[in-house]
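Each chain, written out:
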Amino acid sequence: MKKIVIAGGTGFLGKVLIQYFKERVAQIVVLSRKEMPPSKNVRYLVWDGKNQGEWSQALENTDVLINLAGKSVDCRYNQKNKDLILSSRIDSTRALGRAVQACTNPPKVWLNSSTATIYRHSLQTRMDETNGEIGNGFSENVAKEWERVFFSFKLNHTRQVALRTSIVLGKSGGAFIPLKWLTTLGLGGKQGTGTQKVSWIHEQDFVRSIDFVIKNEKINGVINVVSPSPTNNKTLQQTLRKRVGALFGIPLSVGLLELGAKIMRTETELILKSRNVVPKKLLDHGYDFVYPSLDDAIQELLM
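Residues numbered from 1 in each chain as written. Predicted model: local features only at pLDDT ≥ 70, side-chain atom pairs only at ≥ 80, totals over all residues. Heavy atoms only, no water.

### Overview of the sheet that holds strand S6 (residues 159-165)
Counted only if it meets this: Only strands joined by at least two bridges in the DSSP assignment are considered to pair. Every helix listed is a DSSP run of H or I at least four residues long, and every strand listed is a run of E at least two residues long, numbered separately from the N terminus. Inter-axis angles, ranging from 0 to 180 degrees, are taken between N-to-C directions of lines fitted to C-alpha atoms, where helices are fitted over the stretch in contact. By definition in these notes, contact holds between two residues if any of their heavy atoms fall within 4.5 Å.
Here 7 strands make up an open sheet; going across it, the order is S3-S2-S1-S4-S5-S6-S10 and the pairing parallel. The two strands at the open ends of the sheet, each matched to only one other strand, are strand S3 (42-46) and strand S10 (221-225). Within the sheet, the average angular offset between the axes of one strand and its neighbour, ignoring direction, is 20°. Relative to S3, strand S2 (residues 27-32) runs parallel, the two sharing 5 bridges. When the sheet's bridge partners are listed, leucine 31 is paired in S3 with leucine 45. Packing of helix H2 (residues 79-102) onto the sheet brings it into contact with strand S1 (3-7), S2, strand S4 (64-67) and strand S5 (109-115), and relative to S4 it is tilted by some 165°.

Below is the structure:
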């Protein structure tokens, strides 16, 4: 590959992808809302995530377009934030789609973020791309509209894949850092009932699976970017306590979680919803996970 364009590439997942691909491609172009200095073969172009501009020309002769743009869901779900969560995803996807349509030589593949949260709350039934049951609610409806807009672009020369990604566990960002911090402080007990399923993926498997999807031309449509072994909240917390050497972990009731969420300006859905999602497509196409085991994944992240 010669060139990759990453929209919204300045966050945690964008940085992980840049670190992985910068030694594998000649040029990476990052679409960012802020001006940033170039670094070796990585350059940044300013866009507003909504309107066409000079950035659109960067999509010409591009091997891969990856869209990660969207307001973080780690916030209170008041109406203002709900509107921004939805519009930031829809507007950026629409802007990129129009730019791709205008290209003389469009990207060969367009990977657009989605979320494993699109599936309904499930304690028993595992959700794959074929038989998974789509849920209803704010987060699920955002994901449905996000994918609808993405696939509304009928592109003859660009393969399209929506990435239904779960919680990505990484060393430098995302959910793992606060989880580790809370566990070290003795607050690593089960959260709520502890039975809610947690679908996760190690950051190395995240970037390797993206690379796998890019190289496998038979993969299109939606794909679950998750580990093959969903755990539950209680097991996740037990594993973290063991690995950080915490002697105890105070359990947190739903009431305490609600109070904490208000103080931290976030939502308990991020912890209490049961995400029971598996990567059928990745496994069917032969992807080999480096960290299929939660214990091994956490051990590596703490090294």
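### Details of the packing of helix H4 (residues 176-184) against helix H6 (residues 233-244)
To keep things clear, this is the line we draw: Should an angle fall under 35 degrees it is called roughly parallel, over 145 degrees roughly antiparallel, and 65 to 115 degrees roughly perpendicular, with every other angle called oblique. In this scheme, a crossing is called left-handed if the near helix is turned counterclockwise away from the far one by less than a right angle; it is called right-handed if the turn is clockwise. Note that Gly is not counted as nonpolar here; it falls among the polar residues with everything else outside the nonpolar set of Ala, Val, Leu, Ile, Met, Phe, Trp, Tyr, Cys and Pro and the charged set of Asp, Glu, Lys and Arg.
It is the contact of H4 with H6, at a shortest axis distance of 10 Å, that shows an interaxial angle of 70°. Relative to H6, the element H4 is oriented roughly perpendicular. For the crossing formed where H4 meets H6, the hand is right-handed. Along its contact with H4, which presents Phe176, Leu179, Lys180, Thr183 and Thr184, the element H6 presents Leu236, Gln237, Leu240, Arg241 and Val244. Of the residues in the contact of H4 with H6, the class split is 5 nonpolar, 3 polar and 2 charged.

### Thoughts on the pairing of S1
Two faces, one strand: in a regular strand the side chains alternate between the faces of the sheet. Just so we agree on the cut-off: Here the term buried applies to any residue with accessible area under 20% of the maximum for its type, exposed to any over 50%, and partly exposed to those in between, with areas from a 1.4 Å probe on protein chains only. Throughout, right-handed denotes a crossover for which the path from the first strand over the helix to the second runs clockwise when the strands point away from the viewer.
With 5 of 5 residues buried, S1 lies mostly within the body of the structure. Alternating residues of S1 divide into Lys3, Val5 and Ala7 and Ile4 and Ile6, and every residue in both groups is buried. Bridging between S1 and S2 involves 5 bridges; their strand directions are parallel. The residue bridging isoleucine 4 from the neighbouring strand is isoleucine 28, located in S2. Taken together, S1, helix H1 (residues 12-21) and S2 form a β-α-β motif whose crossover is right-handed. Of the pairings in the sheet, the one linking S1 to S4 comprises 4 bridges and is parallel in character.

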